[in-house]
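Take a look at the letters that make up each chain.
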Amino acid sequence: MLEGFNARHHVAELVAPEKSALGERAAARGVRVHTVSPRTARISAAFKIAELLRNTSRDPEGRDDNQKFDLVHANEAHGVTSAWLARAHRRVPLVVSRRVGFALKADNLARARYRAATRILPISEWVAGILAKSGIPQEQMTVVYEGVEVSRLPSPQIRHAARMRWGITDESPLIGCVGVLLPDKGQDSLIRSLAMVRSEFPTVKLLLVGDGPDKHRLQQLAAKLHVADAVIFAGFVSAMESVYPALDLFAFPSRFEGLGTSLLSAMSYAIPSVAFKTCAFPEIIEHGRSGLLAELNNDASLANSIAAILRNPEIALQMGRAARQRIDQKFSAPRMVDNMLAVYESLLAPPASAKVPPQNM
């Protein structure tokens with residue numbers, strides 16, 4: 001998003017904890033980063049935001065005086081707290097992104113931070129619905145979907161090299177799943193589904209990319225179901241170009257997710273995908289066209305969806321193409337930047353009272 005703003009000749013700067021992965025990546029890509037102490041991140045960030053806004057003021061008619069920053073955007077909950085403590089909302093429009101599907105805390109302090117926002121940007125319609133149940137007015141919200149880069153499709157040589165990294169031959173269908181290994185992410189359901197699918201596709205393999213506290217339990221489950229030899233626990237992988245090009249199918253069995261960036265990325269690679277019919281996944285996958293949606297917490301339904309794609313290569317190819325088109329049209333990084341800028345511009349437009357009436361000629 002920051003890169004997209006700067007590429008469009010806007011100035012976007014970041015406040016982030018010192019030595020954070022986000023801050024270092026942004027700085028490496030030419031974004032100006034204001035670092036704060038990671039030990040007191042929220043308080044330090046509040047002071048930093050207040051300092052950056054100190055010379056910013058806006059008169060009642062909407063005209064700016066010595067304004068350096070036009071807007072503050074808090075991208076996660078700690079950022080919301082810091083911006084609120086800095087009283088950013090009293091100087092410039094405050095935009096808040098909401099990426100999680102949890103209801104807001106019931107205490108007045110938590111609600112006050114979000115009520116101070118000029119606009120709240122849920123990451124999906126599903127998240128917007130949860131915010132509405134928490135008391136946030138619909139008119140205060142605008143859904144802005146996350147976007148991913150839609151790169152060129154990998155060549156057969158790149159695909160071959162990616163599969164070789166994981167020891168996968170052309171004869172073995174490879175299912176991929178990317179996410180932290182946690183109960184809510186549903187990898188246990190995927191392993192149980194794999195055991196069912198294996199009766200029809202005995203050479204199928206499952207690549208689990210990610211690490212987390214549920215790893216040992218998942219390994220035990222794979223051994224119990226006699227599919228340990230078919231499950232590859234890849235751990236954390238930073239170079240995803242060795243993952244997506246290798247896959248024949250992407251499974252995203254998460255039971256609780258604000259949107260699902262790894263699902264978006266897989267679909268951008270024209271990989272047919274399967275997810276549960278829950279959360280925001282029906283907003284992403286058009287069932288039967290750009291992927292399949294299985295019944296929530298139904299291992300047999302998930303297995304049937306996977307098998308349906310594996311046994312129909314032509315349909316899988318069509319779904320993959322439709323998935324890539326879906327991401328390009330609605331969930332691409334450029335579309336995200338355009339939608340975000342549209343929100344900003346609507347908030348920064350001068351009020352009607354500040355507009356100069358046309359002069360009679």
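Residues numbered from 1 in each chain as written. Predicted model: local features only at pLDDT ≥ 70, side-chain atom pairs only at ≥ 80, totals over all residues. Heavy atoms only, no water.

(A) How the structure looks around the overall build of the chain. Looking only at helices and strands, one finds 14 helices and 13 strands in the chain. Taken over the C-alpha atoms alone, the chain extends approximately 75 × 55 × 40 Å along its principal axes. Accessible surface for the chain amounts to roughly 18,300 Å². Of this, 53% is attributable to carbon and sulfur atoms. One finds the centroid of the 44 positive side-chain charges in the chain at a distance of 3 Å from the centroid of its 35 negative side-chain charges. (Helix = DSSP H or I, 4+ residues; strand = E, 2+ residues; numbered from the N terminus. Areas by Shrake-Rupley, 256 points an atom, 1.4 Å probe, with all protein chains shown as cover. Lys, Arg positive; Asp, Glu negative; His and termini not counted. Charge placed at Lys NZ, Arg CZ, Asp CG, Glu CD.)

(B) Highlighting the pairing of strand S12 (residues 273-276). Of the two faces of S12, the one lined by Ser-273 and Ala-275 and the one lined by Val-274 and Phe-276 are each fully buried. Direction of pairing for strand S11 (residues 249-252) relative to S12: parallel, over a ladder of three bridges. The partner of Phe-250 across the bridge, within S12, is Ser-273. As for the winding sense of the linkage, the β-α-β connection from S11 through helix H10 (residues 261-268) to S12 is right-handed. Inspection of the sheet shows S12 paired to strand S13 (residues 292-294) by three bridges, in the parallel sense. Bridging across to S13, Phe-276 finds its partner in Ala-294. (Buried < 20%, exposed > 50% of the residue type's maximum accessible area, 1.4 Å probe, protein only. Pairing = 2+ DSSP bridges. Right-handed = clockwise from strand over helix to strand, strands pointing away.)

(C) Geometry of the sheet that holds S12. Reading across the sheet, the six strands line up as S10-S9-S8-S11-S12-S13 and stay open at both edges, with parallel pairing between neighbours. One side of each edge strand has no neighbouring strand; the edge strands of this open sheet are strand S10 (231-235) and S13. Averaged over all adjacent pairs, the angle separating strand axes in this sheet is 25°, with direction ignored. Note that strand S9 (residues 205-209) and S10 share four bridges and pair parallel. Looking at S10, one finds that Leu-206 is bridged to Val-231. (Axes fitted to C-alpha atoms, helices over the stretch in contact; angles between N-to-C directions.)

(D) Quick peek at helix H9 (residues 215-224). Taken as a whole, H9 has its buried residues at Leu-218, Leu-221 and Ala-222. Taken around the axis of H9, the buried residues stretch over an arc of 100°, which confines them to a single face. For H9, the exposed residues lying more than 90 degrees away from the buried face are His-216 and Lys-224. Looking at the packing, one finds that the buried side of H9 touches helix H8 (187-197) and S10. (Arc of directions from axis to C-beta. Contact = heavy atoms within 4.5 Å.)

(E) Inspection of the pattern of salt bridges at higher detail. On inspection of all chains with the given rule, the structure shows 17 salt bridges. Arg-8 is paired through a salt bridge with Asp-338; the nearest N and O atoms lie 3.2 Å apart. Here Asp-338 lies in helix H14 (residues 333-348) and Arg-8 lies in the loop between helix H1 (2-7) and strand S1 (14-17), a separation of 330 residues in the sequence. Between Glu-146 and Arg-99 there is a salt bridge; the shortest N-O distance is 3.2 Å. Remark: Arg-99 occurs in the loop between strand S6 (94-98) and helix H5 (108-115) and Glu-146 occurs in the loop between helix H6 (125-133) and helix H7 (156-165); sequence separation between them is 47 residues. The network of salt bridges with common partners includes Asp-188, Arg-192, Asp-214, Arg-217, Arg-255 and Asp-299. (Salt bridge = Lys/Arg side-chain N within 4 Å of Asp/Glu carboxyl O.)

(F) Molecular detail of the sheet that holds S6. The three strands are arranged S5-S6-S7 in an open sheet whose pairing can be described as parallel. The sheet is open, and its two edges are formed by strand S5 (72-74) and strand S7 (119-122), each paired on a single side. This sheet shows a mean twist of 20° between the axes of neighbouring strands, independent of strand direction. In the sheet, S5 pairs with S6 via three bridges, with the strands oriented parallel. By the bridge assignment, Val-72 is partnered in S6 with Leu-94. In this fold H14 packs onto S5, S6 and S7, with an angle of close to 170° to the strand it touches most, S7.

(G) Local environment of the nonpolar core. Within the largest apolar cluster, 58 residues are counted, with the highest numbers of intra-cluster contacts made by Val-243 and Phe-250. Beyond its immediate sequence surroundings of up to four residues, Phe-250 is in contact with Gly-176, Cys-177, Val-178, Tyr-244, Ser-262, Leu-263, Ala-266, Ile-271, Pro-272, Ser-273 and Val-274. Core analysis: the next-biggest nonpolar cluster, separate from the first, contains 31 residues, Leu-206, Leu-292, Ile-306 and Ala-316 among them. (Core = buried A, V, L, I, M, F, W, Y, C linked by side-chain atoms within 4.5 Å.)

(H) Looking closely at the confidence of the model for the chain. Averaged over the chain, the pLDDT score is 92; the fraction of residues at 70 or greater is 93%. Overall, residues 354-361 carries pLDDT values under 50, and its contacts beyond four positions in sequence, including any with other chains, amount to two contacts. (pLDDT = per-residue confidence, 0-100.)

(I) Structural view of the environment of Arg-326. Following the sequence through the fold, Arg-326 ends up in helix H13 (residues 313-330). Note on Arg-326: relative accessible area 16%, which makes it buried. In the structure, Arg-326 is positioned 16 residues away from Leu-310 in sequence and 21 Å away in space, judged by C-alpha atoms. Contacts of Arg-326, omitting those with residues within four sequence positions, involve Met-267, Glu-283, Ile-284, Glu-286 and Phe-331.

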